[in-house]
Amino acid sequence: MKKNLILLVSAILFYSCDNNKKGNSDNANKALQDSVQSFLDDYNKKYQELNIVANETSWLTQTRIIEGDSTNSVANNKAQEVLAEFTGSTSIINTSNKYLAQQDKLNELQVKQLKSILYKAANNPETLKDVVISRIKAETKQTENLFGFNFKIGAKTVSTNDIDGILSSEKNLAKRQEAWEASKEVGKGLKEGLLNLRDLRNKTVQGLGYKDYFEYQVSDYGMTNQEMIDMLQKFNKELYPLYRELHTYARYEFAKKYKVKDVPDLIPAHWLPNRWGQDWASLVEVKGVNLDSALKTKDAEWIVKQGERFYVSLGFPELPKTFWEKSDLYPAPADAKYKKNNHASAWHMDYDKDVRSLMSVIPNSEWYETSHHELGHIYYYLCYSNPEVPVLLREGANRAYHEALGSMMGMAAMQKPFMENLDLIPKNTKSDEMQTLLKEALNYVVFIPFSTGTMSMFEHDFYAKNLSADQLNKRWWELAKQYQGISPPTERGEEYCDAATKTHINDDPAQYYDYALSYILLFQVHDHIAKNILHQDPHATNYYGNKEVGKFIADIMTPGASKDWREVLKEKTGSELSAKAMLDYFSPLMDYLKKENAGRKYSLPELN
């Protein structure tokens, strides 16, 4: 009995001691988490304040480019330097590392924010302050040089919209070549700046342990360079058989269109309706579906307002009044004393409700789709600007999510039942569904070799392999030949820098694979919506007015980057990132194209 009593007392004492230890441990963890939270709250507040100034000044550098006036660029440089000084602070880096060393005692949201702080710091380390300042100035200057460039065809000044119009519709090859070459002249003056930026970007991130800028950008996905390259090559390989058929078809159809007897093995770049050969959709006209004809009766404002009506029909709120007051949505007036960036973009000015878009909308089908796309970004911003998501994590689940959801909404707005519902085309319009699918493939499928191959591999070689200055154009056209099967109309020497004519190479660098992954992602999400919510054929859906679709999309958008992108995808669609949905969508085309290409020469090799 006495022995049992002793054992009981010992057990009580042990339990009490163990509970005390647990209590002390819980208290210590609570104190640590409180300390981390205080640090994060202060960081988020300052980060938001500084970004507002940086975004406002950056907005002016993109919307009011005045030759000889550096007022906006000087203000933006200063704002970017102050932001860089804060995010790259040695004290902040050391504090974040100190807390992350105890991440097992922190909550998941705190760990995500601390890692985000270090990722942002790597692009602006205080230990390389002079390099960071030089990079910021060089980036601003490069943007001004690109978008302030005076494009000319002969002696006539033209806009990029003018050039795109010629490449879209002109049948005279001499005029097409003249327009294409005019679009590339800007690259000559950008080459030196791009090489300088490459060195500055690499040096900046190397300060915090990254090998190069490409590796830094890829790390945002939680992947290595090689893992990313392998994934891109996998998607490219999976879609290659279809692309090979499309390439063969397009060579012969373009030759027919331009009355060229001998069909070349490589498609001359000036034959294509896009300056970089990334979209060939205008090769096919789907009879019965003429959206451009309907839109000619509308004005540019209607195009953007219609985009808003689409999102509202799904259950999203109307855009803030400030969106309409502060955005720059239409082409600059002909007599304007300034130039503007004509490339469509969406801006999250204050990481809250000040959202804007920069476009040059005119009433045509391309800007109709683009407007729906850009508003996808805008509504993504508004969804994750909520109290549950810290400012630091008010981003897409990954960068591809933003593009995927925007592109998906653009695609949905172009499907026939959707357009019929809005009376943009007559009800029960008869059209060739295979031609519709072909037109879509000449957009979405054709984009994959450009994005996974030409763009991504060029930037990989440029940053990770330090591609030499006398190899830039050579490498660009080697990749265009290898992945896209296209060639320049004439020899392009190293005095040109055709890669730099693409805005992303200059001011959104080393992440063009975002767009490739977004296309894979958009078909995966669209496939789920079509089959599991709408119960419609993925080729012929009508999202308009469906609140369940809106809730599904909002549920993806609302967490921002506070949840792992892989978890979000698996949770919402039930599968990992896969090209299967995209392949399934376009699978009916293979038999059609094989019949069309019977007897034609295939100039791209078969896969081994």
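Rules behind the numbers
- Residues numbered from 1 in each chain as written.
- Predicted model: local features only at pLDDT ≥ 70, side-chain atom pairs only at ≥ 80, totals over all residues.
- Heavy atoms only, no water.
- Helix = DSSP H or I, 4+ residues; strand = E, 2+ residues; numbered from the N terminus.
- Rg over C-alpha atoms; globule rule 2.2 N^0.38 Å.
- Buried < 20%, exposed > 50% of the residue type's maximum accessible area, 1.4 Å probe, protein only.
- Contact = heavy atoms within 4.5 Å.
- Areas by Shrake-Rupley, 256 points an atom, 1.4 Å probe, with all protein chains shown as cover.
- Core = buried A, V, L, I, M, F, W, Y, C linked by side-chain atoms within 4.5 Å.
- Phe/Tyr/Trp six-rings, centres within 6.5 Å; stacked < 30°, edge-to-face > 60°.
- Lys NZ or Arg CZ within 6 Å of the ring centre and 35° of its normal.
- Pairing = 2+ DSSP bridges.
- Expected span 1.5 Å × (residues − 1).
- Polar contact = N/O pair within 3.5 Å; in protein donor to acceptor, adjacent residues only side chain to side chain.
- Salt bridge = Lys/Arg side-chain N within 4 Å of Asp/Glu carboxyl O.
- Axes fitted to C-alpha atoms, helices over the stretch in contact; angles between N-to-C directions.
- Left-handed = near helix turned anticlockwise from the far one by under 90°.
- Nonpolar A, V, L, I, M, F, W, Y, C, P; charged D, E, K, R; others polar.

Attention now moves to the overall build of the chain. Helix and strand counts for the chain stand at 24 helices and six strands. Against the 2.2 N^0.38 benchmark of 25 Å for 608 residues, the chain shows a C-alpha radius of gyration of 26 Å, consistent with a compact globule. Taken along the three principal axes of its C-alpha coordinates, the chain extends 105 × 55 × 55 Å. Per-residue burial over the chain gives 56% buried out of 608 residues. Sequence-distant contacts, at least 24 apart, represent 78% of the contacts inside the chain between residues at least 6 apart. Total accessible area on the chain is roughly 26600 Å²; 51% of this is exposed by carbon and sulfur atoms.

For the rest of this paragraph, the subject is the nonpolar core. Ranked by size, the top nonpolar core spans 152 residues in total, and within it Ile529, Tyr543 and Phe586 carry the most contacts. Broken down by element, this core gets its largest block of residues, 15 residues, from helix α17 (residues 433–464). Not counting residues up to four positions away in its chain, the partners in contact with Ile529 are Met408, Leu534, His535, Tyr543, Val549, Phe552 and Ile553.

Okay, unusual backbone geometry next. For Asn466, which is not a glycine, the phi torsion comes out positive at approximately 55 degrees. One can find Asn466 in the loop between α17 and α18 (472–484). Its identity is not glycine, yet Ala510 carries a phi of approximately 60 degrees, on the positive side. By the secondary structure assignment, Ala510 is in the loop between α19 (503–507) and α20 (513–534).

Now for the packing of aromatic side chains. All told, the structure shown has 41 aromatic pairs when counted by the stated rule. Looking at Arg198, its charged tip hangs above the ring of Phe462, at a distance of 4.4 Å from the centre. The ring of Trp302 has Lys298 sitting right over it, with the charged end atom 4.7 Å from the ring centre.

Residues Ser345 and Trp347 of strand β4 (residues 345–348) are buried on one face, and the alternating residues Ala346 and His348, pointing to the opposite face, are buried as well. Sheet topology note: the β4/strand β5 (residues 355–358) ladder contains four bridges and is antiparallel. Residue pairing in the sheet places Ser345 in a bridge with Leu358 of β5. In this antiparallel pair of consecutive strands, β4 and β5, the connection spans six residues, and Tyr351 shows a positive phi of 55 degrees.

Right, let's get into helix α4 (residues 108–122). Taking 1.5 Å per residue as the helical rise, α4 with its 15 residues ought to reach 21 Å, and the 21 Å between its terminal C-alpha atoms agrees with that figure. Where burial is concerned, most of α4 is hidden: 12 out of the 15 residues are buried. Those residues of α4 that sit buried are Gln110, Val111, Lys112, Gln113, Leu114, Ser116, Ile117, Leu118, Tyr119, Lys120, Ala121 and Ala122. For α4, the side-chain oxygen to backbone nitrogen distance between the N-cap and Leu109 is 3.1 Å, and the N-cap itself is Asn107.

Below, the discussion takes up the pattern of salt bridges. By the definition in use, this model includes 36 salt bridges. Residue Asp564 pairs with Arg566 through a salt bridge whose shortest N-O separation is 3.5 Å. When salt bridges with common partners are traced through the structure, they connect Asp461, Lys465, Lys474, Arg475 and Glu478 into a single cluster.

If you trace the backbone, Val36 turns up in helix α1 (residues 2–63). A C-alpha to C-alpha distance of 40 Å links Val36 and Met455, two positions 419 residues apart in sequence. In this structure, Val36 is in contact with Tyr99, Leu106, Gln110 and Leu114, ignoring residues within four places of it in sequence.

Positionally, Asn597 belongs in the segment after α24 (588–596). Among all residues touching Asn597, those that are not within four sequence positions of it are Glu245, Thr248, Tyr249 and Tyr602.

As a further point, take the side chain of His377. Here His377 shows up in helix α14 (residues 365–384). Take His377: its relative accessible area is 6%, and that puts it in the buried class. For His377, the residues in contact, after removing those within four places along its chain, are Ala346, His402 and Glu403.

On to helix α7 (residues 173–184), then. Between its terminal C-alpha atoms α7 stretches 17 Å, which fits the 16 Å expected from 12 residues at 1.5 Å a residue. Every buried residue of α7 is listed here: Arg176, Ala179, Trp180, Ala182, Ser183 and Lys184. Considering only its buried residues, α7 is in contact with β1 (152–153), α6 (160–169), α8 (186–206) and α18. For α7, the side-chain oxygen to backbone nitrogen distance between the N-cap and Ala174 is 2.9 Å, and the N-cap itself is Asn172.

With that out of the way, let us pick up the environment of Gly148. The topology assignment puts Gly148 in the loop between α5 (129–147) and β1. In this structure Gly148 comes out as partly exposed when scored by relative accessible area, which is 30%. In this view, Gly148 contacts Ile65, Thr143 and Lys339; residues no more than four positions away in its chain are not counted.

Our focus in this paragraph is the packing of α6 against α7. The description of two packed helices rests on the angle between their axes and on the distance between the axes. Their axes nearest at 9 Å, the elements α6 and α7 cross at an angle of 145 degrees. In terms of crossing hand, the pair formed by α6 and α7 is left-handed. Note on element contacts: α7 touches α6 through Lys175, Arg176, Ala179, Trp180 and Ser183, opposite Ile163, Ile166, Leu167, Ser168 and Ser169. Per-class residue counts for the contact of α6 with α7 are five nonpolar, three polar and two charged.

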